[in-house]
Amino acid sequence: AATMAAAVARRGRLGREGRASLCSFLLGASVAVLPLLLGSSPSLLAAPGLRGRLALALHVAGVNAALLLLYPRPLYKIAVRACFLGFAFGCGLLLSAGRSAWRHFGWYMCSLSLFHYSEYLVTAINNPRSLSLDSFLLNHSFEYNLAALSSWVEFTLEKLFFPELKQITWLSTVGLLMVIFGDCLRKAAMLTAGSNFNHIVQNEKSDTHTLVTRGVYGWFRHPSYVGWFYWSIGTQVLLCNPICVVGYALASWRFFRERIEEEEITLIHFFGEEYLEYKRKVPSGLPFIKGVKLEL
């Protein structure tokens, strides 16, 4: 949070889209204070009865109405996505409260929603010219959405048939630490790279495009991918999903191997011997991935 605040101060005020997204995220996350307003248990979502669920529905309807009044349609598209992620974050906090059987799933909801929202916010800070609805990464790919759905199905089925598997707190804590480490590393990479960072591999070098080798880029050549790799696996360790832990590790490794090779061809084209020297000195950061095998 301190790093992000410093970046905002260094690069000037957050733009209109960024401000709208932040306001909307916080409005959505305000669902977490409903138990205080209702004078009920913090574990509102896990409590029996319709009172809590009715309060959630009214909260969603009220916030959506407020967003429609506050923002014109282009900004509303941003606001409603940020609000949805904030609402998911707030619901995750509610599930995390108490000793509910869904407690660890609440940790997961907080991690997932914060990851996607912070992707948009950091892009708004770093590189507003590349900012779009795609910066939330909610529609990253069919495979990504399928992987998320698979993890939810595995968690639910195993919770029904092997409930004790989902109550291994020490293992979920390890997963949470992996998630925090991975997301912090990725955001540090985005902030360090500044306007050089883009969610889409660039095929043309801009006038401001420079080779970044400082900070976390002195540890790994691809710190944002390293962070995402361990974040994704960490989410499944957190959920105690043994099948998806293996599946996510294999799928993520294959994806990033191909992505790194594609990106390094472009970087060699952009920077030539400068990048090759950097490549020789600094590892990719991902296990058994050395990058493209190419020399000038």
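- Named according to an unreviewed UniProt entry, the protein chain is Protein-S-isoprenylcysteine O-methyltransferase originating from Bombycilla garrulus.
- Note on the protein chain: under the UniProt heading Sequence similarities (unreviewed entry), the record states "Belongs to the class VI-like SAM-binding methyltransferase superfamily. Isoprenylcysteine carboxyl methyltransferase family."
- Check the Catalytic activity (unreviewed entry) section of the UniProt entry for the protein chain; it says "[protein]-C-terminal S-[(2E,6E)-farnesyl]-L-cysteine + S-adenosyl-L-methionine = [protein]-C-terminal S-[(2E,6E)-farnesyl]-L-cysteine methyl ester + S-adenosyl-L-homocysteine".

## Here we look at the environment of Tyr117
Thought 1: Position of Tyr117 relative to the elements: it lies in helix α6 (residues 103-126).
Thought 2: In this structure, the C-alpha to C-alpha distance between Tyr117 and Phe136, residues 19 residues apart in sequence, is 6.0 Å.
Thought 3: A polar atom in the side chain of Tyr117 sits 3.0 Å from the side chain of Ser21.

## Brief notes about the side chain of Ser252
Thought 1: You can see Ser252 is positioned in helix α10 (residues 242-271).
Thought 2: Looking at Ser252, the relative accessible area reads 12%, which means it is buried.
Thought 3: In terms of polar contacts, Ser252 uses its side chain to reach the backbone carbonyl oxygen of Tyr248, at 2.8 Å.
Thought 4: Not counting the four nearest positions on each side in its chain, Ser252 is found in contact with Phe229 and Ser232.

## A word on the packing of aromatic side chains
Thought 1: Tallied over the entire structure, the rule returns 16 aromatic pairs.
Thought 2: By way of ring pairs, the aromatic residues Phe115, Tyr144, Tyr225, Trp228, Trp231, Phe255 and Phe256 are connected into one cluster.

## A look at empty space enclosed by the protein
Thought 1: Applying the stated criterion across every chain yields a total of 1 cavity of 30 Å³ or more.
Thought 2: Within this model, the largest cavity holds a volume of roughly 30 Å³.
Thought 3: What lines the largest cavity is Val122, Thr123, Asn126, Asn127, Ser130, Met190, Gly194, Phe197, Asn198 and His199.
Thought 4: Tallying contributions element by element places α6 first for the lining of the largest cavity, with 3 residues.
Thought 5: Its residues assigned to classes, the lining of the largest cavity comprises 3 nonpolar, 7 polar and no charged.
Thought 6: Mapping the lining of the largest cavity onto the domain boundaries places at least three of its residues in each of domain 1 (1-139) and domain 2 (140-295).

## Some details on the packing of α6 against helix α8 (residues 169-193)
Axis angle and axis distance: for two packed helices, these are the angle between their axes and the distance between the axes, and together they describe the pair.
Thought 1: At a minimum axis separation of 11 Å, α6 and α8 run at an interaxial angle of 0 degrees. In terms of axis orientation, α6 runs roughly parallel to α8. Every residue of α8 that contacts α6 at His104, Trp107, Ser111, Phe115, Ser118, Glu119, Val122, Thr123 and Asn126 is listed here: Thr169, Ser172, Thr173, Leu176, Val179, Asp183, Arg186, Lys187, Met190 and Leu191.
Thought 2: Partitioning the contact of α6 with α8 into residue classes produces 7 nonpolar, 8 polar and 4 charged.

## Considering the UniProt feature "transmembrane region" (unreviewed entry) in the protein chain
Thought 1: Annotation from UniProt places "transmembrane region" (unreviewed entry) at residues 20-38, 50-71, 78-99 and 228-251.
Thought 2: Helix makes up 88% of residues 228-251 and strand 0%. Its end C-alpha atoms lie 12 Å apart.

## Quick notes on the nonpolar core
Thought 1: One finds Phe105, Tyr217, Trp228, Trp231, Tyr275 and Leu286 to be the most contacted residues of the largest nonpolar core, which totals 51 residues.
Thought 2: Where this core is concerned, the elements lending two or more residues are α4 (51-70), α5 (73-96), α6, α7 (142-161), α8, α9 (223-238), α10 and α11 (273-281).
Thought 3: Per element, the largest residue contribution to this core is 8 residues, and it comes from α9.
Thought 4: Both of domain 1 (1-139) and domain 2 (140-295) provide at least three residues apiece to this core.
Thought 5: Counting 23 residues, the second-largest nonpolar core is a separate cluster that includes Leu14, Tyr71, Ile78 and Phe136.

Each value, and the rule that gives it
Residues numbered from 1 in each chain as written. Predicted model: local features only at pLDDT ≥ 70, side-chain atom pairs only at ≥ 80, totals over all residues. Heavy atoms only, no water. UniProt positions renumbered as here; feature names shortened; annotations may be inferred. Helix = DSSP H or I, 4+ residues; strand = E, 2+ residues; numbered from the N terminus. Polar contact = N/O pair within 3.5 Å; in protein donor to acceptor, adjacent residues only side chain to side chain. Buried < 20%, exposed > 50% of the residue type's maximum accessible area, 1.4 Å probe, protein only. Contact = heavy atoms within 4.5 Å. Phe/Tyr/Trp six-rings, centres within 6.5 Å; stacked < 30°, edge-to-face > 60°. 1 Å grid on protein atoms, 1.4 Å probe; cavity = no way out; pocket = protein on both sides within 12 Å on 5 of 7 lines; lining within 4 Å. Points joined across faces, edges and corners; volume = space filled by probe spheres on them. Nonpolar A, V, L, I, M, F, W, Y, C, P; charged D, E, K, R; others polar. Domains from an automatic or database assignment. Axes fitted to C-alpha atoms, helices over the stretch in contact; angles between N-to-C directions. Parallel < 35°, antiparallel > 145°, perpendicular 65-115°, else oblique. Core = buried A, V, L, I, M, F, W, Y, C linked by side-chain atoms within 4.5 Å.

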